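Architecture and fold: a report
The primary structure of each chain is shown beneath.
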Amino acid sequence: MIYTESPQAVKPDLQDIQGLIINGYTHPCSVHMLFKFSDKPDNLDSIRGFVRDLLPHLQSAEDWGPLKPEIMLNIGLTAAGIAIVKPELDIYNSSFPPTFKKGPWDPNGAQQSLFDVDDKSLPGKWWNEKFANTDVHCVVHAYAMNPTAQERIVDIVVTAAQRSNKAVSELKPINSASGRLEQYLLVPSDYVHFRYRDSIDEPELNDNPLSKDQQDLNNFLIGYSTLENPTPGPLFGPEGKFAKNGCYNAFRILYQDVETFNDFLEQQAELIAPKINQTKDYTVEWLAAKMCGRWRNGSPLVLSADNPSHDTSKSTDFGYKADDMKGAKCPFSAHTRVSNPRDEGVKVAGSTLVPRIIRRGMPYGAPMSVDPKADRGLIGLFLCGDISSQFETIYGWINKNNFSPVFNPRAKIAQDPLIANRIKDNSFDPNFTIPMQDGTKIVVRGPLPQFVVTRGTAYFLLPSISSLKEIAGVINQIPAE
Ligand code: HEM
């Protein structure tokens with residue numbers, strides 16, 4: 001149902017929601033397979049057959065009990081994909097949000113936040129130029145407990161596409177043997193290529209439908225808006241019915257230039273170590289922590305300012321207001337501080353709310369020690385109920401640190417030192433400034449290198465299970481509300 005004036009305490013139906021939205025799977029293997037659909041109306045039945053063949057492995061958000069499924073999958077569709085499989089929705093004239101319909105490459109829309117301006121990151125170069133952005137219609141996120149099981153689930157998906165008689169064709173974006181976006185399990189398993197622990201802080205996804213906290217499930221699942229809190233949508237009409245219990249997935253492939261990052265840390269540590277009276281080895285870790293907001297083991301700078309602490313390595317309960325409003329512990333531009341400023345105070349377009357996103361990403365590509373030449377980075381799955389006010393707002397903050405009173409409005413605009421796209425414009429600060437406890441500053445002189453390159457981006461809807469069943473033709477109509 002869609003909440004209007006006095007929403008009832010109706011909890012979302014976990015059976016109807018794709019599992020990825022609610023659960024951070026910890027399967028050691030996953031492959032994220034992209035597909036193009038034929039737009040010939042005659043081929044629609046074959047596309048339906050493809051989805052039907054995948055349904056037995058489609059994972060819902062229901063508890064899977066003591067035994068994790070050995071193989072399972074989730075399915076996403078872009079606006080162009082929905083236009084093909086649900087032509088009757090007339091999606092481009094529907095109330096689906098404009099940014100979803102236009103896509104992440106739109107120069108006047110998404111690109112105003114994503115800023116893929118670096119030569120190598122330009123939307124025209126995405127997917128290693130192996131196919132066009134508009135070709136991406138569907139993603140199958142396939143998960144497995146071991147490499148043999150991974151082969152099995154990939155084979156199931158490939159066979160389903162082959163059975164479609166070319167109505168569904170796989171797109172392979174990566175320069176590797178398989179060409180696919182395959183998870184690479186680093187050691188330890190929760191680390192990313194820049195050698196930080198990741199996936200520590202996630203929204204709580206409290207499913208109380210009356211609650212209004214930004215990290216509650218209401219803000220991620222489509223169809224549970226209240227009048228006071230009118231997103232996410234679409235909420236009405238056939239598109240509202242189709243999208244209900246779905247969630248958007250801003251899928252972004254970010255190449256990580258580990259060599260440049262490591263060299264940068266080494267060179268800068270040499271210069272900074274004497275200023276902070278520390279060894280070079282300590283300073284490498286100190287600078288890496290100042291760029292991220294957490295030490296590489298995960299402990300937040302606000303809780304462990306001088307050294308990584310084992311005890312706080314997974315801590316999420318902290319803020320900036322109490323004793324770090326000068327940034328002497330965690331710099332204002334540190335990656336985790338700009339992507340979740342917590343209680344520091346933000347104000348953009350009249351809103352003081354801090355948007356949240358669910359992160360379900362993982363590394364791809366072998367590390368330098370295994371294959372120095374491999375393509376490597378992050379397969380980013382950023383889930384949200386509203387792409388514009390959640391994912392794109394945070395991305396805009398990463399690229400332009402001007403959203404909070406801690407930034408001097410008269411100074412040049414600072415950027416996230418770790419992952420921002422370097423905007424070469426005089427109004428931007430090319431340096432990274434680290435405030436110190438004694439009131440002085442360490443200024444890391446820029447221009448900072450571009451450590452991350454965008455390899456591709458697609459906006460998917462992770463539809464409800466009933467909407468996928470309807471596409472597959474196994475139910476005639478999405479159940480009534
Ligand atoms: C290669 C690219 C990226 C790397 C290496 C990276 C790395 C990290 C690391 C190490 C953390 C700390 C662990 C944690 O708090 O869970 C983190 C947190 C986070 N990152 Fe990223 N990240 C990347 C891209 C992004 C992007 C594109 C976004 C947003 C669109 C983003 C949003 C966040 C958020 C929201 C947090 C949690 C902050 C908090 O709640 O304190 N990250 N990231």
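Residues numbered from 1 in each chain as written. Predicted model: local features only at pLDDT ≥ 70, side-chain atom pairs only at ≥ 80, totals over all residues. Heavy atoms only, no water.

**Looking at the overall build of the protein**
The secondary structure content of the protein amounts to twelve helices and twelve strands. For a compact globule of 481 residues, the expected C-alpha radius of gyration is about 23 Å, and the protein comes in at 22 Å, within 12% of that figure. Overall size of the protein, expressed as C-alpha extent along the three principal axes, is 70 × 55 × 50 Å. Here the protein, with 481 residues, has 60% of them falling under the buried criterion. (Helix = DSSP H or I, 4+ residues; strand = E, 2+ residues; numbered from the N terminus. Rg over C-alpha atoms; globule rule 2.2 N^0.38 Å. Buried < 20%, exposed > 50% of the residue type's maximum accessible area, 1.4 Å probe, protein only.)

**Side note on the site of the ligand**
Within the structure, the ligand sits among 26 residues, and Ile200, His335, Asn340, Arg342 and Arg359 are positioned closest to it. For the ligand, an oxygen atom lies 3.0 Å from a polar atom in the backbone of aspartate 201. Separating an oxygen atom of the ligand from a side-chain N or O atom of arginine 294 is a distance of 3.2 Å. Sorting the residues of the shell around the ligand by element identifies strand S6 (247-256), helix H10 (335-339), strand S9 (377-384) and helix H11 (387-399) as the ones contributing at least two each. Residues of the shell around the ligand, tallied by class, amount to 13 nonpolar, six polar and seven charged. (Near = heavy atom within 4 Å. Polar contact = N/O pair within 3.5 Å; in protein donor to acceptor, adjacent residues only side chain to side chain. Nonpolar A, V, L, I, M, F, W, Y, C, P; charged D, E, K, R; others polar.)

**Re the nonpolar core**
Phe50, Phe100, Leu287 and Phe391 are the most contacted members of the largest nonpolar core, which has 103 residues in total. It is helix H9 (residues 280-292) that contributes the most residues to this core, eight residues altogether. Here this core spans two domains, since at least three of its residues come from each of domain 1 (14-254 + 457-472) and domain 2 (257-354 + 403-455). For phenylalanine 391, the residues in contact, after removing those within four places along its chain, are Leu114, Ala250, Arg252, Ile357, Phe382, Cys384, Asp386 and Tyr459. Counting 35 residues, the second-largest nonpolar core is a separate cluster that includes Tyr143, Leu171, Leu205 and Tyr224. (Core = buried A, V, L, I, M, F, W, Y, C linked by side-chain atoms within 4.5 Å. Domains from an automatic or database assignment. Contact = heavy atoms within 4.5 Å.)

**Topic: the environment of valine 31**
Within the fold, valine 31 resides in strand S1 (residues 29-37). Overall, valine 31 belongs to the buried group, its relative accessible area being 0%. The sequence separation of valine 31 and glutamate 285 amounts to 254 residues, and the corresponding C-alpha distance is 32 Å. If we skip the residues at most four places from it in the chain, valine 31 touches Val140, His141, Ala142, Gln150, Val154, Arg180, Leu181 and Glu182.

**So, the coordination of the iron atom of the ligand**
Just one protein atom coordinates the iron atom of the ligand, and that atom is His335 (NE2), at 2.1 Å. Among the secondary structure elements, histidine 335 is positioned in helix H10. (Donors = N, O, S within 2.8 Å, 3.2 Å for Na, K, Ca; no water.)

**A closer look at the packing of aromatic side chains**
Inspection of every chain in the model, using the stated rule, returns 20 aromatic pairs. With a centroid separation of 5.5 Å and an interplanar angle of 35°, the aromatic rings of phenylalanine 96 and phenylalanine 100 are classed as tilted. Assigned by exposure class, phenylalanine 96 and phenylalanine 100 land together as buried. These aromatic residues form a ring-pair network of at least three members: Phe194, Tyr196, Phe261, Phe264 and Phe451. (Phe/Tyr/Trp six-rings, centres within 6.5 Å; stacked < 30°, edge-to-face > 60°.)

**Considerations on the pairing of strand S3 (residues 138-144)**
Consecutive residues of a regular strand have side chains that alternate between opposite faces of the sheet. Burial analysis of S3 places seven of its seven residues in the buried class, the great majority of the element. Pairing of S1 with S3 involves seven bridges; the strand directions are antiparallel. When the bridges of S3 are listed, methionine 33 appears paired with valine 140. Bridge count between strand S2 (residues 71-77) and S3: seven bridges; the pairing is antiparallel. Note on S3: the bridge partner recorded for isoleucine 71 is alanine 144. (Pairing = 2+ DSSP bridges.)

**Topic: unusual backbone geometry**
The step from glycine 233 to proline 234 runs through a cis peptide bond, and the omega angle for that step is 10°. Inspection of the secondary structure assignment puts proline 234 in the loop between strand S5 (181-182) and helix H7 (237-243).

**Comments concerning the pairing of strand S10 (residues 432-435)**
As judged from the four bridges shared by S10 and strand S11 (residues 441-444), these two strands associate in the antiparallel manner. Residue pairing for S11: isoleucine 434 is matched across the bridge by isoleucine 442. Hairpin geometry of S10 and S11 is characterised by an intervening segment of five residues between the two adjacent antiparallel strands and by a positive phi of about 90° at glycine 439.

**Some points on the domain arrangement of the protein**
The domains assigned to the protein are domain 1 (14-254 + 457-472) and domain 2 (257-354 + 403-455). Look at where the C-alpha atoms of domain 1 and domain 2 centre, and you get two points 31 Å apart. Contact residues are listed per partner, giving 24 residues for domain 1 and 30 residues for domain 2. Carbon and sulfur atoms make up 59% of the surface buried where domain 1 meets domain 2, a total of about 2300 Å² over both sides. Looking only at domain 1, the three residues that lose the most surface to domain 2 are Phe194, Tyr196 and Ile200, adding up to 32% of its buried area. For the pair domain 1 and domain 2, the interface holds one salt bridge. Where arginine 342 meets aspartate 201, a salt bridge forms, and the shortest distance between an N and an O atom there is 2.4 Å. At the junction of domain 1 with domain 2, the criterion picks out 14 residue pairs in polar contact (both at pLDDT 80 or more). It is S6 that provides the largest number of residues to the side of domain 1 that touches domain 2, a total of three residues. Among the residues forming the side of domain 1 that touches domain 2, the class breakdown is eleven nonpolar, five polar and eight charged. (Buried area = accessible area lost by both parts, 1.4 Å probe. Salt bridge = Lys/Arg side-chain N within 4 Å of Asp/Glu carboxyl O.)

**Remarks on the packing of helix H2 (residues 44-54) against helix H12 (residues 465-472)**
At a closest axis distance of 7 Å, the pairing of H2 and H12 adopts a crossing angle of 135°. With respect to H12, the axis of H2 lies oblique. Residue-level contacts link Arg48, Val51 and Arg52 of H2 to Leu468, Glu470, Ile471 and Ala472 of H12. Grouping the constituent residues of the contact of H2 with H12 by class yields four nonpolar, no polar and three charged. (Axes fitted to C-alpha atoms, helices over the stretch in contact; angles between N-to-C directions. Parallel < 35°, antiparallel > 145°, perpendicular 65-115°, else oblique.)

**Thoughts on the pattern of salt bridges**
In total, this model carries 20 salt bridges according to the counting rule given. Two residues, arginine 359 and glutamate 202, come together in a salt bridge whose shortest N-O distance is 3.9 Å. Of this pair, arginine 359 sits in strand S7 (residues 358-359) while glutamate 202 sits in the loop between S5 and H7; the two residues are 157 residues apart in sequence, bridging distant segments of the chain. When salt bridges that share partners are traced, they join Lys86, Glu88 and Glu470 into one network.

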